[in-house]
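Summary of the model geometry
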Amino acid sequence: MRSTGFRRTFAAIGVCSLALTAAACGSGDDSASGKTRITVNCEPPKSAKVDRKFFDSDVAAFEKKNPDIDVAAHDAFPCQDPKTFDAKLAGGQMEDVFYTYFTDAKHVVDIKQAADLTPYIKELKSYDSLQQQLRDIYTVDGKIYGIPRTGYSMGLIYNRKLFQQAGLDPDKPPTTWAEVRADAKKIAALGNGTIGYADYSAQNQGGWHFTAEMYSQGGDVVSADGKKASIDTPQGHAVLQNLHDMRWTDNSMGSKQLLVINDVQQLMGSGKLGMYLSAPDNIPILVKEKGGNYDDLALGPMPGGQGTLIGGDGYMFNKHDTPAQIRAGLKWLDSMFLTPGSGFLGDYARAKKANAPVGLPEPRLFTGAADAKDQQVKKANANVPVQNYQAFLDGNQSLQMKIEPPDAQQIYSVLDSAVSAVLTKKDANIDQLLGDASGKIDGILARG
């Protein structure tokens, strides 16, 4: 699933409408003018005035620097609509350079709609500076089919003020699930409707978090070959048992369940919640939309110490692209998104002037000298308390980063039932829940 803030300041990003003709999306070289023309998507919508202005300004600056390239940007909502994505590809209506979630990469390659970038990748100056684990997402059978642009990993958002009130050290968030449980119990004991820990359990979001919690303990939801469920395991049992015990034995999760992300964000923003799992991009939402305060909100690593769920996005190239279009598209991505400390996502000084949050620990795309430069510029322009996120950065160094499973939404729907059951039924049979869910997931994978 997508995280919720994902972009620095906007969430609605564009695609070329199915109503348009193929010529309006995939463009072909404009050889008559001597220019290479590329169509791209994910231009911010007009409603996101600041981001739209920044994006268009960056495109114009790129075209001025590269007068032989013409960039035609398309916007619509949402950027990648699963309901129309495959149809656009099959119908020749996809842009030359198009946005994808990490989970799209292998699928687009499997249906043979992606251009092979391998012969051109040396021309992408920034490629070697990108995190290897993110590059690998767009590498299939040794060939490169896409370029990562941003990413998120889940951690534990917590309320420093409530930690202090409960006698806990706000600079030392819990790093094991036993510690989460113990801390949640102390926070709930503050009374006045305070909840120690909250989790999602509806609209597929419970299954999403179950998956993240499995990863945190070294487990998985699908076997390595993608053919069978792997949830009926000690790790799967531990996830559900822990939620059950916090809900019913400790009463640290409150009585209202079947929560979704907005419910939990409202609780955290109001100062009534101690902890929940999320990516860093939730923090600005908690402040700007839910009444939270940057000084009170902090981020720790995913408890469990084994792994965490990552998501993100990048760009792939239409299989019909000419070599000139591929070269132009790579050059555009390099300028727009992949230059440390500059471009649409990296111009931190510009973001600060626009009162956008600067200093969140993610996205963190680069490694080595490129990362050092990007972090230096970010730190120099930070307008949020970066020290509140240090535990997250430190803890992430030892975690395995894992993307969502295949057929994720269908699997999450099944897992929702298991998570909601242990949170709403004191006598829930965990073994039966895992067994039933395993059978349903096996069926989904067999059909896929």
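Residue numbering note: each chain is counted from 1, following its sequence as written. pLDDT decides what is reported in this predicted model: residues at 70 or higher carry local features, side-chain atom pairs at 80 or more are listed and counted, and totals for whole chains, interfaces and linings draw on all residues regardless. Working from all heavy atoms in the structure, the side-chain values ignore hydrogens and water.

**Quick notes on the nonpolar core**
- Definition used in this section: a nonpolar core is a set of buried Ala, Val, Leu, Ile, Met, Phe, Trp, Tyr and Cys residues joined via side-chain atoms within 4.5 Å. For every residue, the accessible area obtained with a 1.4 Å probe (protein chains only) is divided by the maximum for its type, and the residue is called buried under 20%, exposed over 50%, and partly exposed between those limits. Among the nonpolar cores identified, the biggest contains 126 residues, and Ile147, Tyr197, Phe210, Leu243, Met275, Trp332 and Phe337 are the most heavily contacted of them.
- Secondary structure elements follow DSSP: runs of H or I no shorter than four residues count as helices, runs of E no shorter than two count as strands, and numbering proceeds from the N terminus. The element contributing the most residues to this core is helix α17 (residues 408-424), with ten residues.

**Topic: the pattern of salt bridges**
- Whenever Lys or Arg places a side-chain nitrogen within 4 Å of a carboxyl oxygen from Asp or Glu, that contact is recorded as a salt bridge. Taken as a whole and judged by the stated rule, the model has 18 salt bridges.
- Notably, a salt bridge pairs Arg364 with Asp371, separated by 2.9 Å at the nearest N-O pair.
- The structure contains a network of salt bridges with shared partners spanning Glu43, Arg52, Asp56 and Asp75.

**Structural notes on the packing of helix α2 (residues 49-65) against helix α12 (residues 323-336)**
- Note on geometry: axes are lines fitted to C-alpha atoms, helical ones only across the stretch in contact, with angles between N-to-C directions running from 0 to 180 degrees. Look at α2 against α12: their axes get within 10 Å of each other, and the N-to-C directions meet at 125 degrees. In terms of their interaxial angle, α2 and α12 are classed as oblique. Viewed along their axes, α2 and α12 form a crossing whose handedness is right-handed. Where α2 abuts α12, its residues Phe55, Asp58, Val59 and Phe62 lie against Ala328, Lys331, Trp332, Ser335 and Met336.
- When the residues that make up the contact of α2 with α12 are grouped by side-chain class, the tally is six nonpolar, one polar and two charged. What sets the label is the angle itself: under 35 degrees gives roughly parallel, over 145 gives roughly antiparallel, 65 to 115 gives roughly perpendicular, and the rest give oblique. Crossing chirality is assigned from the near helix's rotation relative to the far helix, an anticlockwise turn below a right angle marking it left-handed and a clockwise turn marking it right-handed. We call two residues in contact when some of their heavy atoms are within 4.5 Å. For this classification, Asp, Glu, Lys and Arg are treated as charged, while Ala, Val, Leu, Ile, Met, Phe, Trp, Tyr, Cys and Pro are nonpolar and the rest, including Gly, are polar.

**Comments concerning the environment of Asn242**
- Here Asn242 is to be found in helix α9 (residues 234-249).
- Note: C-alpha distance between Asn242 and Ile430 (188 residues apart in sequence) is 11 Å.
- Among all residues touching Asn242, those that are not within four sequence positions of it are Trp177 and Arg181.

**A word on the state of the cysteines**
- Any two cysteine sulfur atoms lying within 2.5 Å of each other are counted as a disulfide. Using the criterion set out here, one finds one disulfide in the structure.
- Disulfide pairing places Cys42 opposite Cys79 at an S-S distance of 2.2 Å. Its torsion about the S-S bond being -45 degrees, the disulfide of Cys42 and Cys79 is classed as left-handed. In this pair, Cys42 is assigned in the loop between β1 (36-40) and α2 and Cys79 in the loop between β2 (69-73) and α3 (82-90), connecting sequence segments 37 residues apart.
- Overall, the relative accessible area of 0% leaves Cys42 in the buried class.

**Describing helix α7 (residues 177-188)**
- A helix is expected to span 1.5 Å multiplied by its residue count minus one. With twelve residues, α7 extends 16 Å from end C-alpha to end C-alpha; this agrees with the ideal 16 Å at 1.5 Å per step.
- When α7 is considered as a whole, its buried residues turn out to be Trp177, Val180, Asp183, Ala184, Ile187 and Ala188. Seen from one end, α7 has its buried residues packed into an arc of 130 degrees, which puts them on one side.
- Among the structural elements, α6 (160-165), β8 (195-197), α8 (205-216), α9 and β9 (273-278) are those in contact with the buried residues of α7. The arc under discussion is defined with respect to the helix axis, by the directions toward the C-beta atoms.

**Details of the sheet that holds β9**
- One open sheet accounts for four strands, arranged β8-β9-β7-β10; its pairing is mixed. Where the open sheet ends on each side, the last strands, each with one partner, are β8 and β10 (297-301). Strand-to-strand twist in this sheet, taken as the mean axis angle between neighbours without regard to direction, amounts to 25 degrees.
- Alignment of strand β7 (residues 155-159) against β10, held across five bridges, turns out to be antiparallel. Pairing of Asn159 across the sheet is with Leu297, part of β10.
- Against the sheet, α7 touches β8 and β9, its axis set at about 175 degrees to β8. In this analysis, strands are considered paired if DSSP registers two or more bridges between them.

**As for the packing of aromatic side chains**
- Stacked, tilted and edge-to-face are the three classes applied to pairs of Phe, Tyr and Trp rings, where Trp contributes its six-membered ring and a pair requires centres within 6.5 Å; stacked means planes under 30 degrees apart, edge-to-face means over 60, and tilted covers the rest. Considering all chains together, one arrives at 13 aromatic pairs under this definition.
- Consider the rings of Phe55 and Phe344, whose centres lie 5.4 Å apart with planes at 80 degrees: the pair is edge-to-face. Of this pair, Phe55 sits in helix α2 while Phe344 sits in helix α13 (residues 343-346), placing them 289 residues apart in sequence.
- By relative accessible area, which is 0% here, Phe55 ends up buried.
- By relative accessible area, which is 0% here, Phe344 ends up buried.
- Considering the side-chain rings of Trp332 and Phe337, the 5.6 Å spacing of their centres and the 85 degrees angle between planes classify their relative orientation as edge-to-face.
- On the basis of relative accessible area, Trp332 is assigned to the buried category, the value being 0%.
- Relative accessible area serves as the criterion here: at 5%, Phe337 is assigned to the buried category.
- Pairwise contacts between aromatic rings join Phe55, Tyr99, Tyr101, Tyr315, Trp332, Phe337 and Phe344 into one cluster.

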